[in-house]
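Summary of the model geometry
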Amino acid sequence: METVSFAKDQVVFMAGDPGDLFYVVQDGSFSCYEADSGKELAKVLPGGCFGELALLQREPRKACVMATTASIALTLSRDQFSALLGNLSQLRNVWRLDILRKVRR
């Protein structure tokens, strides 16, 4: 995994951007929010992750993410993410359910 640092209020990605990386929060916090309304969908803290929806669905980003504090995240590329998941369809289904819960809040 590659380490990436973000400044407070730095945008990680916007809705519509290509889904090319998966993020695991090492330090700090991030806000996932709707592009149109600005409504917060989820707050992601150390140990949490984001960016999986676009990788699992092979679609552009559906939401925006911004660092709410100076933060550090570990990243995996789409290929690395897929290689690590392999044929674990059950794990993919668990993540899909978790993603749906995040989006429906």
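Residues numbered from 1 in each chain as written. Predicted model: local features only at pLDDT ≥ 70, side-chain atom pairs only at ≥ 80, totals over all residues. Heavy atoms only, no water.

Quick look at the environment of Pro18
- Along the polypeptide, Pro18 turns up in the loop between β2 (11–13) and β3 (21–27).
- It is 6.1 Å that separates the C-alpha atoms of Pro18 and Arg61, two residues lying 43 residues apart in sequence. (Helix = DSSP H or I, 4+ residues; strand = E, 2+ residues; numbered from the N terminus.)

Details of the pairing of strand β7 (residues 64–67)
- Judged from the two bridges that link them, β2 and β7 form a sheet pairing that is antiparallel. If you follow Val11 over to β7, its bridge partner there is Met66.
- Here strand β4 (residues 30–33) runs beside β7; their pairing, made up of four bridges, is antiparallel. Following the sheet pairing, Phe30 is matched in β7 by Ala67. (Pairing = 2+ DSSP bridges.)

Things to note about the nonpolar core
- If you look at the biggest cluster of nonpolar residues, it comprises 13 residues, and the most contacted ones within it are Phe6, Val12, Tyr23, Phe30, Phe50 and Val65.
- Mapped by element, the contributors of at least two residues to this core are β2, β3, β4, β5 (40–44) and β7.
- Beyond its immediate stretch of four places on either side in the chain, Val65 contacts Gln10, Val11, Val12, Phe13, Phe30, Ser31, Cys32, Tyr33 and Phe50.
- Counting six residues, the second-largest nonpolar core is a separate cluster that includes Phe22, Leu56, Leu76 and Phe81. (Core = buried A, V, L, I, M, F, W, Y, C linked by side-chain atoms within 4.5 Å. Buried < 20%, exposed > 50% of the residue type's maximum accessible area, 1.4 Å probe, protein only. Contact = heavy atoms within 4.5 Å.)

Concerning the side chain of Ser71
- When you line up the elements, Ser71 lands in strand β8 (residues 71–77).
- Aside from chain neighbours lying at most four places away, what touches Ser71 is Val4, Ser5, Phe6, Asp27, Gly28, Ser29 and Phe30.

As for the packing of aromatic side chains
- On inspection of all chains with the given rule, the structure shows seven aromatic pairs.
- Measuring from centroid to centroid gives 5.5 Å for Phe6 and Phe30, while their planes differ by 85°, and the two rings are edge-to-face. Of this pair, Phe6 sits in strand β1 (residues 2–6) while Phe30 sits in strand β4, and the two are 24 residues apart along the sequence. The residues Phe6 and Phe30 share a single accessibility class, namely buried.
- Chaining the aromatic ring pairs together yields one cluster made of Phe6, Phe13, Tyr23, Phe30 and Phe50. (Phe/Tyr/Trp six-rings, centres within 6.5 Å; stacked < 30°, edge-to-face > 60°.)

Notes on the side chain of Ser31
- Note that Ser31 resides in strand β4.
- Since its relative accessible area comes to 6%, Ser31 is described here as buried.
- In terms of polar contacts, Ser31 uses its side chain to reach the side chain of Glu40, at 2.7 Å. (Polar contact = N/O pair within 3.5 Å; in protein donor to acceptor, adjacent residues only side chain to side chain.)

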